[in-house]
There are 2 protein chains.
Amino acid sequence: MKRLFNPSSIAVVGVSANPAKVGSTIFLNLINNGYGGKVYAVNPHHKELFGKRAYAKVSSIEGAVDVVVIATPASTVPSIIRDAKKKTNNIIVISGGFGESGNKDLEKKLKRVAPKNMVGPNCLGIYSAKSKFDTLFFAEHKLPRPPYGDTAIISQSGGVGSTILGLAAKEGVGIHSFVSYGNGYVLDESDFLMEYARNKEVGKILLYIEGVKDGRKFSKALAYAQKRKPVIVLKAGKQGKAKQAATTHTGAIAGSYLTYKAVFKKARVVEAESFEKMFDYAKIFSQPRPNGNRLAIITNGGGLGVMAADEAVKLSLELPQFTPSTTRMLRKSLPSYVSVNNPLDVVADAAVERYKKSLQAVMEDRNIDMVLVNILLQPPGMDTSLVETIRGFVGKKPLAVVVPGGMLESTLRRMLTQSGIPTYPYPERGVDALYTLYSSSKTSPTL
Amino acid sequence: MKRLFNPSSIAVVGVSANPAKVGSTIFLNLINNGYGGKVYAVNPHHKELFGKRAYAKVSSIEGAVDVVVIATPASTVPSIIRDAKKKTNNIIVISGGFGESGNKDLEKKLKRVAPKNMVGPNCLGIYSAKSKFDTLFFAEHKLPRPPYGDTAIISQSGGVGSTILGLAAKEGVGIHSFVSYGNGYVLDESDFLMEYARNKEVGKILLYIEGVKDGRKFSKALAYAQKRKPVIVLKAGKQGKAKQAATTHTGAIAGSYLTYKAVFKKARVVEAESFEKMFDYAKIFSQPRPNGNRLAIITNGGGLGVMAADEAVKLSLELPQFTPSTTRMLRKSLPSYVSVNNPLDVVADAAVERYKKSLQAVMEDRNIDMVLVNILLQPPGMDTSLVETIRGFVGKKPLAVVVPGGMLESTLRRMLTQSGIPTYPYPERGVDALYTLYSSSKTSPTL
């Protein structure tokens, strides 16, 4: 499946003279956005498209073709595949209009000719951040692409998937690659789970599903993947009307949520209860695993410290006193009006240096397993040099940063996230992320 | 208390030659950011400051002084107040360093001389969006001020309060005014609750507290205010270590959370469990009250519809079928491949017009009490004309909009919010806000 994600040559079937059409958008994205391989346009009615030679069919392309992307009306897809298979088994069918629209005959026909590495139909296909192989039919100005990183995304839904990508781009979260597999007639969530589990460049996997067809295969793939790296699953379509809506959406049977929960629990994957939490958790898994549930909170805003402590207490995290030696060190390096407690309120007049000294002491404290840093950016001594300072402590113990507020704060959050520091807009979300890291480490002794 | 929030003349005590100092920042904000009244600088060691005449003491100012703002070392505050009282009883003490720092004698001294309208000490004071009366000691570039609106904010914590203001500015939420009262030796949360309850320009009140001193007064003020307009309370410092942290922070005794919960319940105010939710709820209370719990979901992304439905089911909201006449109308105006269900998935190729037709039908449906609109902005037919379209439906039935995603989506969210349409970044938060509006209406028959 390596070639499917990193092709050296791509044929796009369904490029037309209209740049706004799906096939054209994919073709133009590929030739304009830095993809380094060969890209061929296929359209029997044109000799040239966008200044490039157009081919009548895939098999008339002289050179090798690693991946074929099809964006033509559903009825034309089976015969295009029959021809394209002369070149490759890696075929992505973007087109919808099969079983999900009631065309069961066309679905059967497609399944009969489908090669072993077919993605789709009715999907967004693949986005690979490193090679810039990209079949998303949204222009860059509508969907800015995220930077390269180690998070892989598997999404049954195209809309949910592309929304996650947009969010990643905005927050500065690095994405390894993305696949939306739609109806999944051949390759499905389990195949991609296995692929990403084996790929050493992938550090964690996000999975959005509404329903899976082969429960046994899914259960095995989940367990296999989770043994190798964190898997965060969002299962939508849980009960009643939501389940029915899922069936209308992807044609999948949403199944009993209790069964899914049991499968998730057995595989020890992290279940995100919402879209928002899926992303929150993705960020925290860049951190080392905590040895226990003892949290330290450092803050320059008393109220933020109190709110973080509330959430910690609610989740049964401990907020221990620092060791006598840490306390001594903190008393020495902090002003006398700072009370050395946990939460440690370094007070609103703190400059970045005071955070550095506090982190130095707290990170070494043997009573502490993980650290939450709250930042109010408004006081005069606080600025973006915080990023460098905090980066110096990454990797020692799990660390999450909270920067609540407006525009300036969003910018700082983005800078921190891009530096590999999981950053959140509210204290509760930072604490919840650390808690999830802790509880998943507890239940996953293999990690 | 009217003058305190809308003074025609202000004296700032503690302006110095250094523009970065607290007193100078307040003075410069007042003279540069559009405040229309008179502003006097007070400092016995200067004849002139920032090109303006400086006065040795408040009482030497010739004209009337409606409000005195004091930002000098704690020890100097009582004598400044003694002099200032010759001019006014409206005095805001920004300075900290009293009881909260262990200076109990100074606290007693201050209380003895305090006038009846004293705010603080140890606070940010007041921000009034309309008059631009503003004692926040953060420059505009560090804390952009939010636009004018009908939400009033009362915050025990300065840091939490200013963070809420920054967030409001970013999201485009209109703020009537803001008060951070710090140690609250004279005026406290209950006084401001009463004041805002009576002020006709205030539509809703956000209250952040860690602990109150006079429980009986608080309980009465809460009930009084909630009978007149929605009050949303965030109580921090609930249990154990979080309670201790609150005591260190504002010197207040956090008290038993169960007692607070009982008080909130009796007054029928909405309790926000987190910072994030406080803001989510503030937005939804611009909407009319629903007559029941029957929700319609309109979406152009199937997955978003499923997630919203999941949350609705979790919160026991109903997702009824539309009436036969609505169903007929929708079948007539939507393409044949749109299945008319609730959630109503108008499909990814929908342009803005399809939302308009769907909203027209659903808003008239007598089976429906409230409406959630999910928007994927990436498809070609979707653009910012959505704002005008949706605005046409405001006021009929409660409405919340969800626009998840990246940069473009944030901009659309802001535009919608500024048009008075409560807008959220995730389906769950939109549904939760509508649920809160519903459940608070149910328990508040007077509203």
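A short note on the relation of the copies chain B and chain A
Phase 1 of the analysis: Each copy of the sequence occupies a distinct position, and chain B is placed on chain A by a rotation of 180 degrees and an axial shift of 0.0 Å, giving an RMSD of 0.1 Å. What we have between these two chains is a two-fold relation.
Phase 2 of the analysis: A share of 100% of interface residues in chain B that are also interface residues in chain A marks the association as one of identical surfaces.

Comments concerning the interface of chain B and chain A
Phase 1 of the analysis: In this assembly, 65 residues from chain B lie in contact with 65 residues from chain A.
Phase 2 of the analysis: Of the roughly 4,900 Å² buried at the junction of chain B and chain A (both faces included), carbon and sulfur atoms supply 63%.
Phase 3 of the analysis: It is K142(B), Q378(B) and Y426(B) that lose the most area in chain B upon contact with chain A, and together they represent 15% of the buried surface on that side.
Phase 4 of the analysis: Applying the counting rule to chain B against chain A returns 4 salt bridges.
Phase 5 of the analysis: The partner of R429(B) in a salt bridge is E276(A), with the nearest N and O atoms 2.6 Å apart.
Phase 6 of the analysis: One can count 18 residue pairs in polar contact (both at pLDDT 80 or more) joining chain B with chain A.
Phase 7 of the analysis: Secondary structure elements with two or more residues in the side of chain B that touches chain A: α5 (158-171), β13 (231-235), α8 (240-250), α10 (275-284), α11 (302-314), α15 (407-418) and α16 (427-443) of chain B.
Phase 8 of the analysis: Residue contributions to the side of chain B that touches chain A peak at 9 residues, all from α11(B).
Phase 9 of the analysis: Residue composition of the side of chain B that touches chain A, grouped by class: 29 nonpolar, 21 polar and 15 charged.

Overview of the sheet that holds strand β16 (residues 344-345) of chain A
Phase 1 of the analysis: Reading across the sheet, the 5 strands line up as β16-β15-β17-β18-β19 (chain A) and stay open at both edges, with parallel pairing between neighbours. The sheet terminates laterally at β16 and β19 (423-424) of chain A, the two strands that pair on one side only.

Focus on the environment of Q321(A)
Phase 1 of the analysis: In this structure, Q321(A) sits in the loop between α11 (302-314) and α12 (324-333).
Phase 2 of the analysis: A relative accessible area of 37% places Q321(A) in the partly exposed class.
Phase 3 of the analysis: For the pair Q321(A) and K229(A), spaced 92 residues apart in sequence, the C-alpha separation works out to 33 Å.
Phase 4 of the analysis: Not counting chain neighbours up to four residues away, the residues in contact with Q321(A) comprise V340(A), N341(A), N342(A), N367(A) and K241(B).

Thresholds, definitions, all that
Residues numbered from 1 in each chain as written. Chains lettered and ligands numbered in written order. Predicted model: local features only at pLDDT ≥ 70, side-chain atom pairs only at ≥ 80, totals over all residues. Heavy atoms only, no water. Least-squares fit on C-alpha atoms with pLDDT ≥ 70 in both. Contact = heavy atoms within 4.5 Å. Buried area = accessible area lost by both parts, 1.4 Å probe. Salt bridge = Lys/Arg side-chain N within 4 Å of Asp/Glu carboxyl O. Polar contact = N/O pair within 3.5 Å; in protein donor to acceptor, adjacent residues only side chain to side chain. Helix = DSSP H or I, 4+ residues; strand = E, 2+ residues; numbered from the N terminus. Nonpolar A, V, L, I, M, F, W, Y, C, P; charged D, E, K, R; others polar. Pairing = 2+ DSSP bridges. Buried < 20%, exposed > 50% of the residue type's maximum accessible area, 1.4 Å probe, protein only.

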